[in-house]
Amino acid sequence: MVARKFFVHHNDANFNVDYDTDHGFDVLKYQLFSLTSIPPDEQRIFGGEDDHILSNDSDLNKISDKLRLVPINEEVEGKVEDKETTEHNAIEDVNLAISDEEFARMLQAEEDALLFQQFVASEDKATIEQKIRPYVSQVLMYEDRIRQAAARKTVPVDELEENSLVALAKEGNFTPIKGEQDHAFLLQLLSWFKKSFSWVNAPPCEGCGNETFNHGMGDPLPSEILFGGSRVELYRCNCCSMITRFPRYNDPVKLVETRRGRCGEWANCFTLYCRAFGYESRLILDFTDHVWTECFSHSSRRWMHLDPCEGAYDRPLLYEKGWKKGLSYVIAIARDGVYDVTKRYTRKWHEVLSRRNIATEPVLSSVLDNITKECRKSFTSQQLSLLEDRDKSEIEELERELRSKDDSKGFLPERQSGDKQWRISRSEYGLNQNNSLGFPLCPVRFCVDEHVTRIYDAFPLVLSSFVERGFSKSLAVEYLETFRGILKDFRNSPFREREVFLDPSSISLQPFVTQMLPSARELLAALSIKVKLDADRGYHFSLAGDPVKTSMALPVVLDALDNIILNLKKIEHFDYNSLCMPLVKFNRICSGSVFASGEEFPLGVVTSAFDGICSSKWEEPNGARGCWLVYKLLDGKMHELVTYELMSANDAPERDPRDWVVEGSDDGGSNWLVLDKQTSQFFENRYERKTYSITPTGFLSNAFRFSFQAVRDVKATSRLQLSSIDLYARHTTFPTSS
């Protein structure tokens, strides 16, 4: 690590910026963004004796310590500025010329590939048509109302609707429009399907449940043929030698029942689910032996890539860049036609063309046009007009994407589904070795987590009231467990009309109602729950406001109760002296902005580390050997950080952080002071929370930076993950119930 200090001039202000050369030029841009609010892609940074534009790390290495920041859209004045504008435009012209040169080379390569294709590809339509035709009848099954109804019955719709609204609320959107809700629901459907469907390498023995090995193919039974299971794989048990059958069903309604298979079954079944919930969907056939789904986004007016096997959304370059696949034909099949969408999934069209040798491009186009006309023969003129406009827009979009250089979707991993040897045999395995600290792949996000702090701050009131009443440790645990049970029942009721009743005549509940509920008013308010006495049915717990806010808060309070009960059982004496970390947590810092070196979208975004929920996590796909996270306070707030907590995630202990540095800044990230440093840390369990105290310095910060330097096993993974990060500020008074 090499540290440098730069003096940056912007408008009439000067900033001192500490820069770690290991972090890269783009991190410097984000530091300047935090100081000036000029987005990184709108910054022009000047330096050196000739005051030239800087564009990378090597440029920084050649200059001393003075920089000048100018927004791209700012009109420059005066003689010096005219010179800078001329120089900047010249550089842009050079870059444009390079792009034109690259573009010319690509066009020439494409022409060469097309010329070669004329000699090796067939003019016969039969071969290419035979590969596509079976899927045309396949996708018509997705339109069957009986199959759609069968699929919907298996989905926890209320749960997914709740999760989608909570996901939007975590981004600050508590009043989403229909299109936003539909989009969020689709992502939740994808996540649910990924968790509920099973991948099959070799099925377990139906007799004893042990592992099996492939024993060839078998003849299909009539019951298997009924659901399209014309291919049947046989597997022999390693222990009892029993043969287990694995029919490869094609009927998605059967897959809704079995919920297992490989990529063909996964995509087949998931596309049915998408159609069952009204999404315009199509099955995507990759001739190099993979299948996935696309859904049309009406808000974005384009088709979106979804791979249920990988849980991947809108990452079309996953296969070419992540899996290192050599694509050839990628065909979209829907009820309204078939489409060549290969260009969406490649940035190497000239290479792809050289592998398209089944049919010439005119032959392929003719086959697709003929099938599409057949699919649309019963459509109205209005429907045809809309489809033709959409087709035209998609063709233009594919051409634009093909010529774009950047993949804005960030890190693209190797294939995750299937065992290692199977992936290697398909040439879809190749660990990404790029572990450098590069351009931050996640945007600046805002933490909607005030409810987490309110919940944490309310528990000291409850626990101090227990101490005042002279409760024993066992009685305190009993009351908290009772309260947890009530909240679990409340959570399990329909989220829009949540309620639960307590029988006041119950002897076991009377002390709880009279002794705990009064001290839990603040806690219930933080959960947006009200309690009233109903003359007939007892104490009535119900929603006090927006059900989505309660949905956000319930998992937080339940996780907090689990943690408090666990720590309460560990202490020897339950008294005022015990009311400290980690039993009680007070003055948690909240509602800041956060950005990081990377994140996994949509389920591993950086704000997941601050949502107070154990089951969520921040995942940095490229963070094993080094990554960072910056948390910035808003509205001019300053805090002295006295304690912080980290929690390990649900799985993959090799991804746990091992070494890190925590720093604070009192100028928004220009200069940093080391607050804490940890090495050789070891999380023994999943969801294990570790508490770290910081030596008091009185240093007030408005930004904090975590620099994670290594994970537990850097040889086994490229990733870092954490379930939660909680920051606690110094407080002057401790809350009590009195």
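Heads up: these notes are all about the structure in this document.

Calculation notes
- Residues numbered from 1 in each chain as written.
- Predicted model: local features only at pLDDT ≥ 70, side-chain atom pairs only at ≥ 80, totals over all residues.
- Heavy atoms only, no water.
- Helix = DSSP H or I, 4+ residues; strand = E, 2+ residues; numbered from the N terminus.
- Buried < 20%, exposed > 50% of the residue type's maximum accessible area, 1.4 Å probe, protein only.
- Contact = heavy atoms within 4.5 Å.
- Areas by Shrake-Rupley, 256 points an atom, 1.4 Å probe, with all protein chains shown as cover.
- Phe/Tyr/Trp six-rings, centres within 6.5 Å; stacked < 30°, edge-to-face > 60°.
- Pairing = 2+ DSSP bridges.
- Axes fitted to C-alpha atoms, helices over the stretch in contact; angles between N-to-C directions.
- Arc of directions from axis to C-beta.
- 1 Å grid on protein atoms, 1.4 Å probe; cavity = no way out; pocket = protein on both sides within 12 Å on 5 of 7 lines; lining within 4 Å.
- Points joined across faces, edges and corners; volume = space filled by probe spheres on them.
- Nonpolar A, V, L, I, M, F, W, Y, C, P; charged D, E, K, R; others polar.
- Left-handed = near helix turned anticlockwise from the far one by under 90°.
- Salt bridge = Lys/Arg side-chain N within 4 Å of Asp/Glu carboxyl O.
- Patch = residues over 30% accessible without salt bridge, like charges linked within 9 Å, V, L, I, M, F, W, Y side chains within 5 Å.

**Description of the overall build of the protein**
In step 1: Within the protein one finds 20 helices and 30 strands.
In step 2: Within the protein, buried positions represent 52% of all 738 residues.
In step 3: Taking contacts inside the protein between residues at least 6 apart in sequence as the whole, the part at least 24 apart equals 71%.
In step 4: Summing over all exposed atoms, the protein offers an accessible surface of approximately 34,200 Å²; the carbon and sulfur share of this is 50%.

**A word on the packing of aromatic side chains**
In step 1: Throughout the structure, instances matching the rule amount to 28 aromatic pairs.
In step 2: Geometrically, the ring pair formed by F197 and W266 is edge-to-face, given 5.2 Å between the ring centres and 75° between the ring planes. You can see F197 sitting in the loop between helix 7 (178–196) and strand 6 (198–199) and its partner W266 sitting in helix 10 (residues 263–276), a full 69 residues away along the chain. Each of the two residues, F197 as well as W266, counts as buried.
In step 3: Between Y644 and F706, the ring centres sit 5.5 Å apart and the planes meet at 80°, which makes this aromatic pair edge-to-face. With Y644 in strand 24 (residues 641–647) and F706 in strand 28 (residues 703–711), this pair connects stretches of sequence that are 62 residues apart. Considered together, Y644 and F706 belong to a single accessibility category, that of buried residues.

**Considerations on the sheet that holds strand 8 (residues 232–237)**
In step 1: Read across the sheet, three strands follow the order 7-8-9 without closing on themselves; strand pairing throughout is antiparallel. Edge positions in the sheet fall to strand 7 (212–218) and strand 9 (243–247), since each has one partner strand and no second. Each adjacent strand pair in this sheet contributes to an overall mean axis angle of 30°, direction not counted.
In step 2: When strand 8 meets strand 9, the two strands line up antiparallel, connected through five bridges. From the neighbouring strand, E233 faces strand 9, where its bridge partner is F246.

**Digging into helix 5 (residues 145–153)**
In step 1: R147, Q148 and A151 are the residues of helix 5 that are buried. One face of helix 5 carries all of its buried residues, which in axial projection span an arc of 100°. Residues of helix 5 that are exposed and point more than 90 degrees away from the buried face comprise R145, I146 and K153.
In step 2: Residues of helix 5 that are buried in the fold lie against helix 9 (252–258) and helix 10.

**Re the pairing of strand 5 (residues 66–71)**
In step 1: Burial within strand 5 is extensive, with five of its six residues counted as buried.
In step 2: Looking at chain direction, strand 3 (residues 43–47) and strand 5 are connected through five bridges and run antiparallel. Looking at strand 5, one finds that R44 is bridged to V70.

**A closer look at empty space enclosed by the protein**
In step 1: For the coordinates displayed, the defined rule picks out three cavities of 30 Å³ or more.
In step 2: Roughly 70 Å³ of volume is contained in the largest cavity.
In step 3: Forming the boundary of the largest cavity are 11 residues, of which Y30, Q31, F595, V630 and W672 lie nearest the centre.
In step 4: Looking at the lining of the largest cavity element by element, the count peaks at four residues for helix 1 (residues 25–36).
In step 5: Class assignment for the residues of the lining of the largest cavity results in six nonpolar, four polar and one charged.
In step 6: Of the pockets and cavities examined, the second largest cavity occupies roughly 60 Å³.
In step 7: Lining the second largest cavity, in full, are Y456, F459, A560, N563, I564, L583, V584 and K585.
In step 8: Classifying every residue of the lining of the second largest cavity by side-chain character gives six nonpolar, one polar and one charged.

**Here's the deal with the packing of helix 7 against helix 10**
In step 1: Following both chains from N to C, one finds helix 7 and helix 10 inclined at 145°, their axes separated by 11 Å at the closest point. Crossing handedness for the pair helix 7 and helix 10: right-handed. For the pair helix 7 and helix 10, contact is made by L186, L189, L190, W192, F193 and K194 and by W266, C269, F270, Y273 and C274, respectively.
In step 2: Here the contact of helix 7 with helix 10 is built from residues that sort into 10 nonpolar, no polar and one charged.

**So, the pattern of salt bridges**
In step 1: The full count for this structure, using the stated rule, is 46 salt bridges.
In step 2: Taking the shortest distance from any N to any O, the salt bridge between R344 and E294 comes out at 3.0 Å. Within this pair, whereas R344 is found in the loop between strand 16 (337–340) and helix 12 (349–355), its partner E294 is found in strand 12 (residues 290–297), the two being separated by 50 residues in sequence.

**Some words on the environment of E399**
In step 1: Here E399 shows up in helix 14 (residues 381–403).
In step 2: Between the C-alpha atoms of E399 and R344, which are 55 residues apart in sequence, the distance is 8.4 Å.

**A few points about a nonpolar patch on the surface**
In step 1: Together, L115, F116, F119 and V120 line one region of the surface with nonpolar side chains, adding up to about 440 Å² of accessible area.
In step 2: If you trace the backbone, F116 turns up in helix 3 (residues 78–120).

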